[in-house]
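This is what each chain is made of:
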Amino acid sequence: MDARQLDIDAWGAVEGDLTRLLDATRGRIPATFVAPLLHRVAVVRLKRAVLEDPETAGEALTDEGDAGGLVDRLSRQLDRQLAGESGAAPILETLPAESREAAEAALADALEDDPLHFPSLRARAALAGAASRWPQVAECLERLVDQPGEAGGRAWQKLGDVHWRKLAAPKKARPCYIRARQVLGDETKLLDKMLKLDLELENWEEAIETCHALIDKMQRRKKRPELAVTYMLTMGEIHVYGMRQPKVALTYYLMAQSTLPEYELTYQLLQELLLGNDWEMLEPDLDLLPEASVELISPSLGRLRAVVDAHPGDAAGAIKAFRAG
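What counts, and where the lines are drawn
- Residues numbered from 1 in each chain as written.
- Predicted model: local features only at pLDDT ≥ 70, side-chain atom pairs only at ≥ 80, totals over all residues.
- Heavy atoms only, no water.
- Helix = DSSP H or I, 4+ residues; strand = E, 2+ residues; numbered from the N terminus.
- Expected span 1.5 Å × (residues − 1).
- Buried < 20%, exposed > 50% of the residue type's maximum accessible area, 1.4 Å probe, protein only.
- Contact = heavy atoms within 4.5 Å.
- Disulfide = S-S within 2.5 Å.
- Phe/Tyr/Trp six-rings, centres within 6.5 Å; stacked < 30°, edge-to-face > 60°.
- Lys NZ or Arg CZ within 6 Å of the ring centre and 35° of its normal.

(A) Quick look at helix α13 (residues 246-259). Between its first and last C-alpha atoms α13 spans 20 Å; for 14 residues at 1.5 Å apiece the expected length is 20 Å, and the two agree. With ten of 14 residues buried, α13 is to be regarded as a mostly interior element. Those residues of α13 lying buried are P246, A249, L250, T251, Y252, Y253, L254, M255, A256 and Q257. For α13, the elements touching its buried residues are α11 (204-221), α12 (225-242), α14 (264-276), α15 (291-310) and α16 (315-324).

Put into structure tokens, the structure is as follows:
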């Protein structure tokens, strides 16, 4: 008998021991003690399935730098996926349907004994997600948000993702992200999701608030000015197409140009703005801007005013001259 078969048999023996323990203790111990045992049964069934065909499961692995042999790597990634960790390899998707169904049966029993056994809820959500059963994923996440601290915040964020990207219910996603933000704070990835969602929903005021937070965050980092510029340009587009305030849009485009003069998209957007508006409708009211913004854009504003005057009716020529400095 080869080593793999010995390992498969060992996992089978573990499952048998757990099953006998459950049979012997059910009704004698609190349900909250039964659920962890059933969760362990589910995990054992999945680990055994991985061992039965590690080559197929190994097709899901992408991190070549992950240390250890194939089975060890698969086991770690499976644990991560069942725990709901982002970036885990999709091991569950490679397993036979009957193995996943057997694991789900154990998890269903666990949740009957303890509806808020969080490891079982996370594992059930992972299995449902592997089968694209998104309403069931949402049901699990709706209970996982009761986890304390950061774990609950992550569950709110994932619930928002599922409503938006999987269930085509973006309006349900927004309150989930708000709850996540209350726990997780102004995390860049979360704020970026909120911004994109508000742009899709045309929630312009909310998008402006979130974009402001992202600009402030990126400006404080300083190491990646292109990130700040991306959100400055987004803010400009919000004011062009959403708020119909081209004058405010020009302020943000000039902030972007002053922050990163070589950024190509800035000049394209500036040219489009000049094509669609007279200069009198664009020149910012510097008295209404924060002092730091005035200091940032004043040199660029002066140069842009000069090239517009020198190239009347020629937006392309004006921007070409402006870019040349």
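(B) Broad picture of the environment of R124. For R124, the position within the fold is in helix α6 (residues 118-130). Separated by 52 residues in the primary sequence, R124 and C176 have C-alpha atoms spaced 20 Å apart. The contact partners of R124, leaving out residues within four places of it in the chain, are L107, A108, L111, Q136 and C140.

(C) Spatial organisation of the state of the cysteines. Enumeration according to the criterion identifies zero disulfides in this entry. In this model C176 remains outside any disulfide bridge; the closest cysteine sulfur is found in C140, 15 Å from its own.

(D) Geometry of the packing of aromatic side chains. Using the criterion set out here, one finds two aromatic pairs in the structure. Where W164 meets Y177, the ring centres are 6.3 Å apart and the plane angle is 80 degrees; that geometry is what we call edge-to-face. Within this pair, whereas W164 is found in helix α8 (residues 149-166), its partner Y177 is found in helix α9 (residues 170-184), the two being separated by 13 residues in sequence. Classification of W164 as buried rests on a relative accessible area of 8%. Taking relative accessible area as the criterion, Y177 reaches 0% and is therefore assigned buried. Of note, R165 hangs over the ring of W164, and the distance from its end group to the ring centre comes to 3.6 Å.

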